[in-house]
Amino acid sequence: MANSQTVAEWLRQKSTQKRYLIQQIGAAHAYAEQLSAGYRIITGGLSIINALQRGEFDLHKKFFNDRKSPSPYLRTDKRIDQIMVLQRDILLEQRHCARLLSKSNLADGRIAYVRRVMTRVGRESQGDLADLSTLFKSGAFELDDADRLSRLQAIYQQTLQRHTFTKHLTRWLNVLVLGKQYESREIHRSIILHN
């Protein structure tokens, strides 16, 4: 005997198949909603990551840009004015030395030595003034304020030492020139007395 489906069985099978298909469509719909929600979460997360990266980049950019220009309060540091006064005094001492040398009867070697020393002092002083100017020029250095203050202190110390050295050199030269002048007068008197 043959086993064939009856019409009733065949209709029941169609109805069961439809029920399974409806369940699968519902499951696919739920899966699509979850997929869409996951996509929104991922997109939002990536947007947050991009914003954080952009924000961090902006912070880095601000940090480095701030290092290019000095803080306005640094320009009011009293050492800047002191450096300028010391540099002016060094220049005046150099001029005094030049006048002493022009009136002296020192040996050529000593005159050449003093001129070389004063030239070096002048060159180093100009270098310090250039460094000082550059230190406070926007975009010249990428330093934070602490580094600028440290560099300012170094320039101040160098200028102070150079000023002290120049004062001592001028005094030494003054004593030397006066001693030579006294010696010349005494020799001249001695010649006059013995003739």
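Rules used throughout
Residue positions are given per chain, counted from 1 along the sequence in the order it is written. Whole-chain, interface and lining totals are the exception, using all residues; otherwise, since this is a predicted model, local features are given only for residues with pLDDT of at least 70 and side-chain atom pairs are given and counted only at 80 or more. Side-chain metrics in this entry use all non-hydrogen atoms of the structure; hydrogen atoms and water are not considered. Only DSSP runs of H or I reaching four residues or more are called helices, and only runs of E reaching two or more are called strands; each is numbered from the N terminus. Only protein chains enter the accessibility calculation, which uses a 1.4 Å probe. A residue is then buried if its area is under 20% of the maximum for its type, exposed if over 50%, and partly exposed in between. We call two residues contacting when some pair of their heavy atoms lies within 4.5 Å. Any pair of nitrogen or oxygen atoms within 3.5 Å is treated as a polar contact; in protein, a donor-acceptor pairing is required on top of that, and neighbouring residues in sequence qualify only through side-chain atoms on both sides. In the sections that follow, a salt bridge refers to a side-chain nitrogen of Lys or Arg positioned within 4 Å of a carboxyl oxygen of Asp or Glu. Axis lines are fitted to C-alpha atoms, over the contacting stretch for helices. Their N-to-C directions set the angle, which ranges from 0 to 180 degrees. An angle below 35 degrees is treated as roughly parallel, one above 145 as roughly antiparallel, one from 65 to 115 as roughly perpendicular, and anything else as oblique. Less than a right angle of anticlockwise turn of the near helix away from the far helix marks a crossing as left-handed, whereas a clockwise turn marks it as right-handed. When residue character is reported, Ala, Val, Leu, Ile, Met, Phe, Trp, Tyr, Cys and Pro are called nonpolar, Asp, Glu, Lys and Arg charged, and the others, Gly included, polar. Confidence per residue, as judged by the predictor, is encoded in pLDDT with a range of 0 to 100. For this analysis, a nonpolar core means a set of buried residues of the types Ala, Val, Leu, Ile, Met, Phe, Trp, Tyr and Cys, connected via side-chain atoms within 4.5 Å.

Enquirer: Help me understand the overall build of the protein chain in this model?
Expert: When its secondary structure is counted, the protein chain shows four helices and zero strands. Taken from the N to the C terminus, the helices and strands of the protein chain come in the order α-α-α-α. Out of the 195 residues in the protein chain, the part that is buried amounts to 22%. Relative to all contacts within the protein chain whose residues are 6 or more apart in sequence, the contacts with residues 24 or more apart total 84%.

Enquirer: I keep staring at the side chain of glutamate 93 and nothing clicks. Help me out?
Expert: Here glutamate 93 shows up in helix α2 (residues 78-103). Here lysine 167 takes part through its side chain, which lies 3.0 Å from a polar atom of the side chain of glutamate 93. Apart from residues no more than four positions distant in its own chain, glutamate 93 is found in contact with Met118, Thr166, Lys167 and Thr170.

Enquirer: I keep staring at the pattern of salt bridges and nothing clicks. Help me out?
Expert: Pairing is possible between side chains that carry opposite charge, provided their charged atoms lie close to one another. Scanning the model with the defined rule gives eight salt bridges in all. Two residues, aspartate 77 and arginine 79, come together in a salt bridge whose shortest N-O distance is 2.9 Å. An identical accessibility class is assigned to aspartate 77 and arginine 79; each is buried. Two residues, aspartate 131 and arginine 151, come together in a salt bridge whose shortest N-O distance is 2.8 Å. With aspartate 131 in helix α3 (residues 108-135) and arginine 151 in helix α4 (residues 145-194), this pair connects stretches of sequence that are 20 residues apart. Taking the relative accessible area as the measure of exposure, arginine 151 reaches 29% and is therefore partly exposed. Through salt bridges with shared partners, a single network forms among Arg120, Glu124, Asp128 and Arg162.

Enquirer: So what exactly am I meant to see when it comes to the environment of aspartate 128 here?
Expert: Along the chain, the position of aspartate 128 falls in helix α3. Given a relative accessible area of 5%, aspartate 128 falls into the buried group. Each C-alpha atom, one on aspartate 128 and one on threonine 159, is 7.4 Å from the other, the two residues being 31 residues apart in sequence. Not counting residues within four places of it along the chain, the set of residues in contact with aspartate 128 comprises Gln87, Ile155, Gln158, Thr159 and Arg162.

Enquirer: So what exactly am I meant to see when it comes to the packing of α2 against α4 here?
Expert: Packed helices, taken two at a time, are described by the angle their axes make and the gap between the axes. Remark: α2 packs on α4, axes separated minimally by 9 Å, with the N-to-C direction vectors making an angle of 20°. By the angle class used here, α2 and α4 are roughly parallel. In this structure, α2 crosses over α4, and the sense of that crossing is left-handed. When its residues are assigned to classes, the contact of α2 with α4 shows 14 nonpolar, 10 polar and six charged.

Enquirer: Hey, could you run me through the confidence of the model for the protein chain in this one?
Expert: It should be kept in mind that the predicted coordinates are not to be read in detail where pLDDT is low. Mean pLDDT over the protein chain: 81, with 78% of residues reaching 70 or higher. Mean pLDDT values over the elements of the protein chain span from 71, in helix α1 (residues 7-68), up to 91, in α2.

Enquirer: For this particular structure, what's the right way to read the packing of α3 against α4?
Expert: In the contact formed by α3 and α4, the axes pass within 10 Å of each other and the chain directions differ by 160°. Classified by the angle their axes make, α3 and α4 are roughly antiparallel. For the element pair α3 and α4, the recorded crossing hand is left-handed. Of the residues that constitute the contact of α3 with α4, the class distribution is 13 nonpolar, four polar and seven charged.

Enquirer: Could you clarify how one ought to interpret the nonpolar core in this entry?
Expert: Among soluble globular proteins, nonpolar side chains are generally buried collectively. By size, the foremost hydrophobic cluster in this structure holds 13 residues, and its most contacted members are Leu101, Leu106, Val114, Met118, Leu173 and Val177. Elements that contribute at least two residues to this core include exactly α2, α3 and α4. In terms of residue count, α3 provides more of this core than any other element does, five residues in total. If sequence neighbours within four positions are ignored, methionine 118 has contacts with Glu93, Gln94, Cys97, Thr166 and Leu169. Among the nonpolar cores identified, the runner-up in size contains 10 residues, and Ile80, Ile83, Leu86 and Tyr156 belong to it.

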